[in-house]
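Observations on chain architecture
The chain contents come next:
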Amino acid sequence: MYLFSASAIATALSFATLCSAQTLSGQFTCAPAGEYTLCQNLWGELSGVGSQSSTLVGNSGNAVSWSTNWNWANNPNNVKSYANILSNTALGVQLDNIASAPTSWSWSYESQSQGIRADVAYDIWFGTAPSGSPATKGSSYEIMIWLSGLGGIQPVGSQILSNVTIAGHQWDLWTGPNSNWQVFSFKTANGDITNFNADLQEFFSYLTENEGVAPTQFVQAIQTGTEAFTGSAVLLTSSYSVAINSK
Ligand SMILES: *[C@@H]1O[C@H](CO)[C@@H](O)[C@H](O)[C@H]1NC(C)=O
């Protein structure tokens, strides 16, 4: 059973619509969370040994709080899971039709074993059609924004730029292919960003202006979560929100 820490309970109490916390423990299980869907995606669990559970703490308006509790061993270079929250509303807009895409993400590790290997990251999907599921034939680009990357893990591909300033933070930019889509990963150049407030449009316009991404691409999905490799941790998102405002 999942045990709440004192701070998770304190966070839960600030979410007015909380009825009862819901915990997911299956390999591919999801739960509705207001404007979001919480999914525990343990897609790589067979490359390791361990377990994970994810809990919806509460949601209120456009904000959501959730946590995930993971414990994985073996194959340190393999991702075991991507527990994430998906926005059901911030999608289906063409890049050149986006006025702004405000987001806010406050998170912390409530506990962690020594030397964990994990990222805390956005995973944003672009395609030529207005809608499409993440990581499918309809995906043209995967845009990751790493607010944390611990234990020496690296994004897909190779690093092409260092210390680029976007949305008030410095990033190393990585790129490379994955299946039928191209990945761009903005990895924090200055350590963990635990209170992130930004307009995602600044990342999108960077890509259309500098990296050849067509402004006719659509945002098909915005996910945020953690890719866990090895170790054990409890990661709490005390508050997260994202929206897309069209022109
Ligand atoms: C990265 O960029 C910031 C802001 O421009 C600058 O203050 C800092 O010195 C740079 N760091 C490195 C390692 O170049």
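All of the points below concern the structure found in this document. (Residues numbered from 1 in each chain as written. Predicted model: local features only at pLDDT ≥ 70, side-chain atom pairs only at ≥ 80, totals over all residues. Heavy atoms only, no water.)

What follows deals with the side chain of Q201. Position of Q201 among the secondary structure elements: in helix 2 (residues 201–210). On the basis of relative accessibility, which here comes to 17%, the residue Q201 falls in the buried class. What Q201 contacts, discounting residues up to four positions off in sequence, is L95, I98, A99, S100 and A101. (Helix = DSSP H or I, 4+ residues; strand = E, 2+ residues; numbered from the N terminus. Buried < 20%, exposed > 50% of the residue type's maximum accessible area, 1.4 Å probe, protein only. Contact = heavy atoms within 4.5 Å.)

Turning to the state of the cysteines, a few remarks are in order. Among covalent bonds in proteins, the disulfide is the one between the sulfur atoms of two cysteines. By the definition in use, this model includes one disulfide. Bridging C30 to C39, the disulfide has an S-S length of 2.0 Å. Residues C30 and C39 are joined through a disulfide that is right-handed, its torsion about the S-S bond being 110°. Its relative accessible area of 15% is what places C39 among the buried residues. (Disulfide = S-S within 2.5 Å.)

With respect to the helices, strands and loops of the structure, S241 is situated in strand 16 (residues 218–242). In contact with S241, other than residues within four places in its own chain, are Y36, N62, A63, P102, T103 and S104.

Here we take up helix 2. Residues that lie three or four places apart on an α-helix share one face, since the helix turns once every 3.6 residues. Turning to helix 2, its buried residues number three or more, namely Q201, F203, F204, S205, Y206 and L207. Following helix 2 by one or two positions, G212 has its phi on the positive side, about 75°.

Turning next to the pairing of strand 16. The buried fraction of strand 16 is high, at 22 of 25 residues. Bridge analysis of strand 7 (residues 93–94) against strand 16 gives two bridges, and the strand direction is antiparallel. Residue Q94 lies in a different strand from strand 16, and its bridge partner there is F218. In this structure, strand 9 (residues 102–112) lies alongside strand 16, joined through nine bridges in antiparallel fashion. Paired with S111 across the strands is V234, a residue of strand 16. The pairing of strand 10 (residues 117–127) with strand 16 spans 11 bridges and is antiparallel. If you follow D119 over to strand 16, its bridge partner there is E227. (Pairing = 2+ DSSP bridges.)

Distances and angles like these do not, on their own, reveal function.
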